[in-house]
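Read off the chains here:
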Amino acid sequence: MAWGPAPESAATAEAWLEQHGRAFGHYLNGAWTVPGGGERFDTINPATSAVLARVAQGSKDDVNAAVAAARAAQPGWWALGGHARARWLYALARQIQRNSRLLAVVESLDNGKPIRESRDIDIPLVARHFYHHAGWAQLMETELPGYGPVGVVGQIIPWNFPLLMLAWKIAPALAMGNTVVLKPAEFTSLTALLFADCCHAIGLPPGVVNIITGDGKTGAALVDHPDVDKIAFTGSTDVGRIIRTATAGSGKKLSLELGGKSPFIVFDDADLDSVVEGVVDAIWFNQGQVCCAGSRILVQESVAARLVEKLRARMETLRVGSPLDKAVDIGAIVAPVQLDIIKGLVQTGIDEGATCWQPSWSLPKDGLFYPPTLFTDVTPAATIAQVEIFGPVVVLMTFRTPAESVEIANNTRYGLAASVWSENLNTALDIAPQLKAGTVWVNCTNMFDAASGFGGYRESGFGREGGREGLFEYVKSARREDGKPGRREESLRGPIGPEAISREIATGASRPRDDKNPALPSSRPPVLLAIDRTAKLYIGGRQTRPDSGYSNPVLDAAGNSVGEAGRGNRKDIRNAVEAAHKAESGWAGASAHTRAQILYYIAENLSVRQAEFGNRLTALTACPPDAAQAEVRGAIERAFAYAAWADKYDGRVHATPFRNVTLAMNEPIGVMGLVAPGEAPLLGFLSLVLPAVAMGNCVIAIPSERWPLLATDLYQVFDTSDVPGGVINIITGSRRELAPVLAAHDDVDSVWFYGPREEAAEVEKLSAGNMKRTHTCWHPVDWLDRREAEGEEFLREATQVKNIWVPYGA
Ligand code: NAI
Ligand code: MG
């Protein structure tokens, strides 16, 4: 039986284009700029190569005007309050629904995606996003107390889901009280411009949403603009890396949703007919131009031949053709350049020896089309198994054991999504936590919803969009104000004059430390100890001499040498990273209760040495004894706090509107580098180490350069508290030397840096190497203030959310 064409009418869309004279300006401050002067470019229909309209190339001046409008509008938008913002978001959702067919047709015309997808998936999800976030606007005050908007947000989106990515960006930003400047991709500006019309039609206050069109240069101008408080980007990893580097040290908040090479894992007990339909959705949805496309099929060897046969049979029945044809499965590739990339990579696959299979039917003659393509005989290291193709091309590889499936699945620099197919619940739920990916679909694929977070692990970026977790990308804590002037170094205790120091020191007799019995009774009279040891490094649970063979003198506040600490170098960091990786699976796999237990031991062992640590603080920093005691007490309490949190910072179950539950699990990030603040050498240090290890990470910590001995004194505390070797590694030495090594290290997954802004900028720049997450802070922190120095903000930085979609319910 042959299908006749069943085209959707383009008449209303054409009329809308005509209404704008097929030439667009930018939508700034609630009005259209005149599309007269300045550079412009064509936007085409990739199915016919016909020009749809002329679009403006945003200049620096345009970006300046847009940011100024957003800035001016922001305080008023926030001041409206949650309920009023909720009403505006609700109005946007309604307006989108009223115009849903027009939006779907314009999307399919401009992007080339089948109308069935734009009509049934993209646009309904856009409306859903605005509804869902209208709710968050309403609930912000009660559900996110203490948080306020970031300010003006610059948003840059790709061409594969033009309006959906706009919704993912704009809805949460507006809900949280921000105003936005959004730049759509140059191939697909039209639905963003139609959305501007929607904003206009409902009378959204001017400046709240600004749409500026243009290419990468326009995007770069937005990224570089000094008055933008946050950049949210979706696109290629290469551009993500450029943006990470460009924003380093700027203090701009950043979220990046980048590429992927997502595994699609099929076990021998999977329902192969469902699997075949899953593959269709995974890689032939949107022509495979999907960041989370299941582009690597990993199938258990025993069923591989059968699956390949079934897939080929199904591929013969897929229909490629006009995106407006309602019976078409695969539409057009977005642009000639993308088609060339796909063709080039397919050729590389053939040249490297893989077997390429395409259906027997031929493609439409005109327009940018590419057939569904299946590669077999692919080795895991092949180019087509590693590189994101972003087209309807899937590679198939085999595995024998579940362990091997995980190994191949994780053998990629990306970590955006994965799907697992098995009729055995135990198998599926055993594999899901082992996959390094922000989303795992069990017996389903490419499911999205506003209630669930979406975003990457590793080089797929950081930050989440959607769900409660996504809101935090668009807020900042009122307590942790950025950009406070002044350095933190001396903030807790200022330098005290030499007289004061000798007065304090005169009151105590020197006594050698009892290294064999760290659990000194707390009743021991306070004494000031002469520090006469050379502290080593702490790697893999052992005290280790620094590779350099050198130590640095440690001076007290008066400038007297009171001891030495090892001068760690690049090699020591490498060894520590290795030790941390060895400990990683054991520690992450330990129960939260076990980790809590160990943190309680740390508190306990610290408390029996309370007096000693206090004295050491006073001797080194010349702070008054009661301040020193307050810091030690604060450290003990912090250990208690994170012991408490260890089994309480748990995940959620998101209410996504399908037959499933979505488990939002807080997972550890992995191996973290922590650069502790210069001040509060005990409490500041532990305030970083404890949340990280409580959440199951292994750390390499660089203590205060000036007063490292408070951290090195903890070696025995950690040993006696049963902290497994390699979970906490400590490298003393020069922060300037060591922090960049951590930031550049490819096997470090995240770096926290507390120190001067210039050095923080360097750390952020270097992190772009493997796109590790960073958390930097150069403003003063009151480490004794629990609200500021402890709690969920640290825990959030110590975890990444994995959303696991599990079939559930009738
Ligand atoms: P791209 O990353 O260059 O473009 C994404 C957006 O970033 C566009 O709006 C673009 O104008 C903007 N942009 C480009 N350079 C910029 C810069 N220096 N500063 C600020 N903004 C900039 O992606 P492109 O070139 O369209 O596609 C290339 C490849 O990227 C594709 O073949 C695909 O592999 C991948 N890609 C991945 C996407 C994803 O969702 N993960 C989406 C689009 C593309
Ligand atoms: Mg186009």
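The structure this text deals with has already been given above.
Note that the coordinates shown come from a computational prediction; the quantities given were computed from them, not determined experimentally. (Residues numbered from 1 in each chain as written. Chains lettered and ligands numbered in written order. Predicted model: local features only at pLDDT ≥ 70, side-chain atom pairs only at ≥ 80, totals over all residues. Heavy atoms only, no water.)

1. What about the overall build of the chain?
Along the backbone of the chain there are 28 helices and 32 strands. Against the compact-globule benchmark of 28 Å for 810 residues, the chain has a radius of gyration of 29 Å, which places it among compact chains. When the backbone C-alpha atoms are referred to their principal axes, the chain occupies close to 95 × 60 × 45 Å. Across the chain, the fraction of contacts at a sequence separation of at least 24, relative to all contacts at a separation of at least 6, is 76%. Surface summary for the chain: the accessible area is close to 29,200 Å², and the carbon and sulfur share equals 53%. Here the chain contributes 78 positive and 91 negative side-chain charges, whose respective centroids are spaced 2 Å apart. (Helix = DSSP H or I, 4+ residues; strand = E, 2+ residues; numbered from the N terminus. Rg over C-alpha atoms; globule rule 2.2 N^0.38 Å. Contact = heavy atoms within 4.5 Å. Areas by Shrake-Rupley, 256 points an atom, 1.4 Å probe, with all protein chains shown as cover. Lys, Arg positive; Asp, Glu negative; His and termini not counted. Charge placed at Lys NZ, Arg CZ, Asp CG, Glu CD.)

2. Considering the site of ligand 1
In the vicinity of ligand 1 there are 26 residues, among which I157, W159, K183, E186 and S236 approach most closely. A distance of 2.5 Å is found between an oxygen atom of ligand 1 and a side-chain nitrogen or oxygen belonging to W159. At 3.0 Å, a side-chain N or O of Q338 approaches an oxygen atom of ligand 1. Taken by itself ligand 1 offers 800 Å² of open surface, and the protein chains cover 85% of this. The cavity where ligand 1 resides is the second largest pocket. For the shell around ligand 1, the secondary structure elements donating two or more residues are α8 (216-224), β9 (230-234), α9 (237-247) and α12 (336-351). (Near = heavy atom within 4 Å. Polar contact = N/O pair within 3.5 Å; in protein donor to acceptor, adjacent residues only side chain to side chain. 1 Å grid on protein atoms, 1.4 Å probe; cavity = no way out; pocket = protein on both sides within 12 Å on 5 of 7 lines; lining within 4 Å. Sits in = over half its atoms within 2 Å of the grid points.)

3. Describing the pattern of salt bridges
Enumeration according to the criterion identifies 31 salt bridges in this entry. Two residues, D713 and R616, come together in a salt bridge whose shortest N-O distance is 3.0 Å. In this pair, D713 is assigned in the loop between α23 (709-712) and α24 (714-720) and R616 in helix α20 (residues 610-621), connecting sequence segments 97 residues apart. There is no split in this pair, since D713 and R616 are both buried. If you follow the salt bridges from partner to partner, you end up with E14, E18 and R22 in one network. (Salt bridge = Lys/Arg side-chain N within 4 Å of Asp/Glu carboxyl O. Buried < 20%, exposed > 50% of the residue type's maximum accessible area, 1.4 Å probe, protein only.)

4. Some remarks on the packing of helix α21 (residues 625-646) against helix α22 (residues 683-694)
Remark: α21 packs on α22, axes separated minimally by 9 Å, with the N-to-C direction vectors making an angle of 10°. One finds that α21 runs roughly parallel with respect to α22. Two secondary-structure elements touch here, α21 through E631, G634, A635, R638, A639, Y642 and A646 and α22 through L683, L686, S687, L690, P691 and A694. Residues of the contact of α21 with α22, tallied by class, amount to nine nonpolar, two polar and two charged. (Axes fitted to C-alpha atoms, helices over the stretch in contact; angles between N-to-C directions. Parallel < 35°, antiparallel > 145°, perpendicular 65-115°, else oblique. Nonpolar A, V, L, I, M, F, W, Y, C, P; charged D, E, K, R; others polar.)

5. Overview of the packing of aromatic side chains
The final tally for this structure, using the stated rule, is 22 aromatic pairs. Residues F161 and F285 carry aromatic rings whose centres are separated by 5.7 Å and whose planes lie at 40° to one another, so their mutual orientation is tilted. Of this pair, F161 sits in the loop between β6 (152-156) and α6 (162-175) while F285 sits in the loop between α10 (272-283) and β12 (294-300), and the two are 124 residues apart along the sequence. The same class applies to F161 and to F285, which are both buried. Geometrically, the ring pair formed by F448 and F454 is edge-to-face, given 5.8 Å between the ring centres and 70° between the ring planes. Given a relative accessible area of 4%, F454 falls into the buried group. Each residue in the set W16, F24, Y27 and W32 is aromatic and connected to the rest through ring pairs, giving one cluster. Across the ring face of F472, the terminal group of R796 is positioned such that the distance to the ring centre comes to 3.5 Å. (Phe/Tyr/Trp six-rings, centres within 6.5 Å; stacked < 30°, edge-to-face > 60°. Lys NZ or Arg CZ within 6 Å of the ring centre and 35° of its normal.)

6. Things to note about the nonpolar core
Formed by 115 residues in total, the largest nonpolar core has its most connected members in F130, I170, F195, V209, I211, I297 and L307. With eleven residues, α6 is the single largest residue contributor to this core. Sequence-distant contacts of I170, that is, excluding residues within four places in its chain, are made with F130, Q155, V180, L182, F195, V209 and I211. L620, L674, A680 and M695 belong to the second largest nonpolar core, which has 88 residues in total. (Core = buried A, V, L, I, M, F, W, Y, C linked by side-chain atoms within 4.5 Å.)

7. Digging into the environment of A196
Mapped onto the elements of the fold, A196 is located in helix α7 (residues 190-202). Relative accessible area serves as the criterion here: at 0%, A196 is assigned to the buried category. Measuring from C-alpha to C-alpha, the distance between A196 and H26 comes to 9.2 Å, with 170 residues separating the pair along the chain. In this structure A196 touches Y27, W32 and I211, once residues within four positions along its chain are discounted.

8. Examining the packing of α10 against helix α11 (residues 301-317)
Running from N to C, α10 and α11 cross one another at 55°; their axes reach a closest spacing of 10 Å. It follows from the interaxial angle that α10 and α11 lie oblique. For the pair α10 and α11, the sense of crossing is right-handed. Facing L272, D273, V275, V276, E277, V279 and V280 of α10, the residues of α11 in contact are V303, R306, L307, K310, L311 and R314. Considering only residue class, the contact of α10 with α11 consists of eight nonpolar, no polar and five charged. (Left-handed = near helix turned anticlockwise from the far one by under 90°.)

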